[in-house]
Amino acid sequence: MNSNNLNPQVTRRSMFGLAALAGSALALSGCDTDSDSDASSKGTDATIEGAYDSNGAQLVISTWGFNSDQKRELVFEPFEKAFNCTITVEEGNNGDRLAKIQQKPESYDIIQLSDYYMQQAIDAGLVAKISPSDLSNYDSLYDKAKTPNGEGYGPAYTFTRLGIVYDKSVITEPITSWADLWRSDLAGKLTIPDFSTTAGPWMLNIAAGQLGQELTADNAQAAMDKLAELKPNLVKIYTKSSDVVNMFNQGEVSCAVILDFSSLTIQEASDDFVWVDPTEGTWGSTNVTDVCAKSANADLAKAFINYTLDKDEQTRNAQTGDAPSRPDVELTEDEAKGMTCGEDVVNSIQLPDLELLIENKATWQSMWNNQLNTNA
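Cut-off values and rules
Per-chain numbering applies: the sequence of each chain, read as written, is numbered from 1 onward. Local features in a predicted model are, by the rule used here, given only for residues with pLDDT of at least 70; side-chain atom pairs are given and counted only at 80 or more, and totals for whole chains, interfaces and linings are based on all residues. Think of the side-chain values as coming from all heavy atoms in the structure, minus any hydrogens and water. Each pair of strands is called paired provided DSSP finds at least two bridges between the two strands. In this text, helices come from DSSP runs of H or I with a minimum length of four residues, and strands from runs of E with a minimum of two, each type numbered from the N-terminal end. Handedness of a crossover is defined as follows: orient the strands so they point away from the viewer, and if the path from the first strand over the helix to the second runs clockwise, the crossover is right-handed. Categorising residues by exposure relies on relative accessible area from a 1.4 Å probe, with only protein chains included: less than 20% of the type maximum marks a residue as buried, more than 50% marks it as exposed, and the intermediate range marks it as partly exposed. Note on definitions: a residue-residue contact is assigned when non-hydrogen atoms from the two residues lie within 4.5 Å. Geometry of aromatic contacts follows a simple scheme: Phe, Tyr and Trp rings, the Trp one being its six-membered ring, pair when their centres are within 6.5 Å, and the pair is stacked under 30 degrees between planes, edge-to-face over 60, tilted otherwise. As a per-residue measure, pLDDT reflects the predictor's confidence and takes values from 0 up to 100. The definition of a nonpolar core used throughout is a set of buried Ala, Val, Leu, Ile, Met, Phe, Trp, Tyr and Cys residues joined through side-chain atoms within 4.5 Å.

(A) Molecular detail of the pairing of strand E2 (residues 85-91). As judged from the seven bridges shared by strand E1 (residues 57-63) and E2, these two strands associate in the parallel manner. Residue pairing across strands places Ser62 opposite Glu90, the latter belonging to E2. Handedness of the crossover joining E1 and E2 through helix H2 (residues 68-83): right-handed.

The following block contains the structure:
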C-alpha cells in the first residue's frame, strides 16, 4: 500500500481540527451523546486503574504523528504520571513504521497500526500474544473492536467507515444505496478511491455485494467487471482526500466515495454537499494497539493498552479525532461529527477479510489497473 495515499490514520488527525466547524451533522442514531458534555473541561489528572510505580521505565511507542501535542497532553502524560514512566514516541505512517520495526524489533514496546498493517506485523512475528484477561476494559468494547486481527491479539481503539458524499443541487434524485453509484444520471460526476489507498480494495467488496455475493478469490474478477461498469460515471480515481475536496470545490465532481472523517471539509464547503450511510451498510477498518514481540516492558505495554480502552481516556482521546471503540463513551454532537460513533453505525460496518486482501492484493491491483484505472 502506497504510504503517501489516503489512509484513516493520516487524514483523521490532519483534518480533525476542522470537525468542530463542519456544518453537516453525522447521523448519530444510537450514539451515546451528551449535549451537556464538555470534553475540553475533562482534565488530564486522571486516576488510572491498575496504576503502579514502574521505577522510571521507558516505553517506546510507534504511532502516527498528527495532533502530537494533543496526544502528548491527553494520552501520554496521564499515563506517564500514573505509572512513573517515560513514553518515547516514534511517529510516521503505517508502512514506514512497520518497516522500521521489522529492522529493529527489539527497539519498540508498543505499535499502533491499522488492522491491515497490523495483520502483516502479526504474520511477520513482530507482535506478542495478549489475553483478554490482561485487559479489564476488554468486555466494555464493541464486539467488532475485540478481535480485529483474530483471537490473541490487541483490540481496536477506534473505527472509521466508508460512505458517499454528493451535491444534492446537481444530483437531485437522492442517493441512498451503493447501487445508486451505477445510475446513469451520475455519468461524468463520480470519483472513487484508488485500489492503492486504504479504502480502495473495499470497492471490490461493494461490487461483489451488488452481485449478491461475498468477495472471494474466485469471484474477484466478476466483482472487478461490475466495478468496470462504473467507468462512464467516473471523472477520476483519487489517491488523496485533498483531491476530492478540490474537485468538489471546482465543480469537477458531484459524488464521491470517501472515508467519514475525510468528508468533513467537503460538507463544510456547502449545505448542498451531504453525507450518506448506504442502506446496505458499509465497509470500514480499525486502528489497533499491540505489544511488540521483543518488548522488554511487556507488562507495562499491556497496561497502556488497557488504559487506551478506558472510558475516560477514550473520551479525552476523542478530542484528537479517534472515534471511541466502546459504546458508553459520551460525546457531544459536535465532538462526534465525522466519527464512526454509536451502536447503529458501528453495527453497520463490515470489516474486510484481511488475509484475503494480503494474499490477493498484487493480483487484484493488476486487475484494477487493467480494467478500471482511468488515470492512466
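(B) Layout of the pairing of strand E9 (residues 282-291). In terms of burial, E9 is largely enclosed, as ten of its ten residues are buried. Of the two faces of E9, the one lined by Thr282, Gly284, Thr286, Val288 and Asp290 and the one lined by Trp283, Ser285, Asn287, Thr289 and Val291 are each fully buried. With five bridges joining them, strand E3 (residues 110-114) and E9 adopt antiparallel strand pairing. Bridged to Leu113 within E9 is Val288. Sheet analysis places E9 next to strand E10 (residues 349-350), joined by two bridges and oriented parallel. In the strand pairing of E10, Thr282 is matched with Ile349.

(C) Layout of the environment of Tyr153. Mapped onto the elements of the fold, Tyr153 is located in the loop between helix H5 (143-146) and strand E4 (156-167). Separated by 138 residues in the primary sequence, Tyr153 and Val291 place their C-alpha atoms 8.6 Å from one another. Once residues lying within four places of it in the same chain are set aside, the contact partners of Tyr153 are Ile122, Val127, Ala128, Lys129, Ile130, Lys146 and Asp290.

(D) The environment of Leu309, seen in detail. Locating Leu309 in the fold gives a position in the loop between helix H10 (298-308) and helix H11 (311-317). The class of Leu309 is buried, set by a relative accessible area of 1%. The spacing of Leu309 and Tyr157 is 152 residues in sequence and 6.3 Å in space, taken between C-alpha atoms. Beyond its immediate chain neighbours, meaning those up to four positions away, Leu309 contacts Leu135, Asn137, Leu141, Pro155, Ala156, Tyr157, Gln314, Ser325 and Arg326.

(E) Representation of unusual backbone geometry within the structure. Look at Asn55: it is not a glycine, yet its phi comes out positive at around 60 degrees. Summarising the element assignment, Asn55 is placed in the loop between helix H1 (8-15) and E1.

(F) Structural detail: the packing of aromatic side chains. Overall, the coordinates contain ten aromatic pairs when judged by the stated rule. Ring centres of Phe304 and Tyr307 lie 5.9 Å apart, and the angle between their planes is 50 degrees; this geometry places the pair in the tilted category. Of this pair, Phe304 and Tyr307 both sit in helix H10, three residues apart, roughly one helical turn. Each of the two residues, Phe304 as well as Tyr307, counts as buried.

(G) Region of interest: helix H6 (residues 202-210). Counted residue by residue, H6 has seven buried out of nine residues, so it is predominantly covered. Buried residues of H6: Trp202, Met203, Leu204, Asn205, Ile206, Ala207 and Ala208, and no others. Buried residues along H6 sit against E4, strand E5 (190-193), helix H7 (220-228), strand E7 (255-259), E9 and helix H14 (354-371). At the exit of H6 stands Gly212, carrying a positive phi of roughly 75 degrees.

(H) Structural detail: the confidence of the model for the chain. For the chain, the mean per-residue pLDDT works out to 88, and 87% of the residues sit at or above 70. Ignoring residues within four places in sequence, the model shows residues 1-30, a span with pLDDT below 50, making 98 contacts including any to other chains.

(I) Molecular detail of the nonpolar core. Counting residues in each nonpolar core, the largest one holds 57 residues, and the members touching the most others are Leu181, Ile192, Leu227, Cys255, Trp364 and Trp368. In contact with Trp368, other than residues within four places in its own chain, are Ile192, Pro193, Asp194, Phe195, Gly200, Met203, Met224, Leu227, Ile237 and Asn373. In terms of nonpolar packing, the next biggest core, distinct from the first, is built from 31 residues, Trp64, Leu135, Tyr157 and Phe304 among them.

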